[in-house]
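Examination of the molecular architecture
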Amino acid sequence: MYQSHEIGKKPNGASVSVDVAKKLDDYLTDFLINGSILEGYMAGIDGKCLADLVLESPDVNLFDRESIDGISCLKILTKTRYGSVKLWLDEQNGFLPRQYVFDRVATDLGSNGKRIRDENFYGAGNGNLKDVFAASLTKKMDRVEIGKAGSTFYILKARILTDDSLSNGQRVRYETIYERIKFDPTPTFSEEDFKIDLPNGTSINNEDDSDSGVVYEWQDGKVVPVSSDLAGAAEGKWPKRSMNWIATWVITGSVLLFFALRYIWRYKQKGA
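So, a few notes on the structure that sits alongside this text.

Here's the deal with the overall build of the protein
Within the protein one finds three helices and eleven strands. The helix and strand sequence of the protein, counted from the amino end, reads β-α-α-β-β-β-β-β-β-β-β-β-β-α. Here the protein holds 272 residues, and 29% of them are scored as buried. Taking as baseline every contact in the protein between residues at least 6 positions apart, the subset at least 24 positions apart corresponds to 41%.

Observations regarding the pairing of strand β8 (residues 171-179)
The pairing of strand β7 (residues 152-166) with β8 spans nine bridges and is antiparallel. The residue of β8 that forms the bridge with Asp-164 is Val-172.

Focus: the nonpolar core
Residues Leu-50, Leu-87, Tyr-100, Phe-102 and Met-141 are the most contacted members of the largest nonpolar core, which totals 24 residues. Those elements that place two or more of their residues in this core are α2 (50-56), β3 (71-80), β4 (83-90), β5 (96-105), β6 (134-149) and β7.

Re unusual backbone geometry
Even without being glycine, Phe-95 reaches a positive phi, approximately 55°. In this fold, Phe-95 is placed in the loop between β4 and β5.

A short note on the sheet that holds β3
A sheet is described by the order of its strands in space; here seven strands give the open sequence β2-β3-β4-β5-β6-β7-β8, paired in antiparallel fashion. Looking at the sheet topology across the chains shown, the edges are occupied by β2 (60-68) and β8. Strand-to-strand, the axes of this sheet are offset by a mean angle of 15°, without reference to chain direction. Relative to β5, β4 runs antiparallel, the two being bridged by seven bridges. Pairing of Ser-84 across the sheet is with Asp-103, part of β5.

So, how was this worked out
Residues numbered from 1 in each chain as written. Predicted model: local features only at pLDDT ≥ 70, side-chain atom pairs only at ≥ 80, totals over all residues. Heavy atoms only, no water. Helix = DSSP H or I, 4+ residues; strand = E, 2+ residues; numbered from the N terminus. Buried < 20%, exposed > 50% of the residue type's maximum accessible area, 1.4 Å probe, protein only. Contact = heavy atoms within 4.5 Å. Pairing = 2+ DSSP bridges. Core = buried A, V, L, I, M, F, W, Y, C linked by side-chain atoms within 4.5 Å. Axes fitted to C-alpha atoms, helices over the stretch in contact; angles between N-to-C directions.

By themselves, these figures tell us nothing about what the structure is for.
Here's what the structure looks like:
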């Protein structure tokens, strides 16, 4: 089981899964509801960050220094399988990016070997986004503030600008401000830090069976089913494939029965 909530606030829910490591990795790299995007982790690039893409690329271009917010930075540009990466690195502060731009087009590679154009936008497959893919995707980080804890530099605060164009002509644009309230480069943990202690009645989402319609909650240290979203009488329905198999067996059985009866009739005729 794992949970996430705002600092200083009680959790209003949790999720349970047998594959916790993968689920947490997905949350860190794909959902981008945390500070991982400040380190350049992006959705849809196989869990990698921009630094990984630069290191993998055979063609990296280093330009003259360029000033970002009055700070001289090294400018790097590279074209990767996943898209184009531009980085402005502050060599005086741990070579952290003072700015980055990640541009992608529909023919660029996404996760799991698929092209961006081969996947529905953000996984949507229904409503007005059915069969709609991203024609272009842009992520830009700017207004960066860098902090330092001991000898470790980290991004304290930044703005992320998103600008996506879809194949149906729609455009999605928004900005998000990320700010780290607390940063500890050498945290210490014990088993107590990983114990789940939720109030009775807390809603639990079963990640491994999210479409079952069963509602779960936390009761006395356990996840228990409490109700079902399904209502009304169940109505049986033969799937198309099953009907085809039934028809095939009926026809085959009829043919075999015909030849069996014909053989019996001829055998009796000879005996007479």
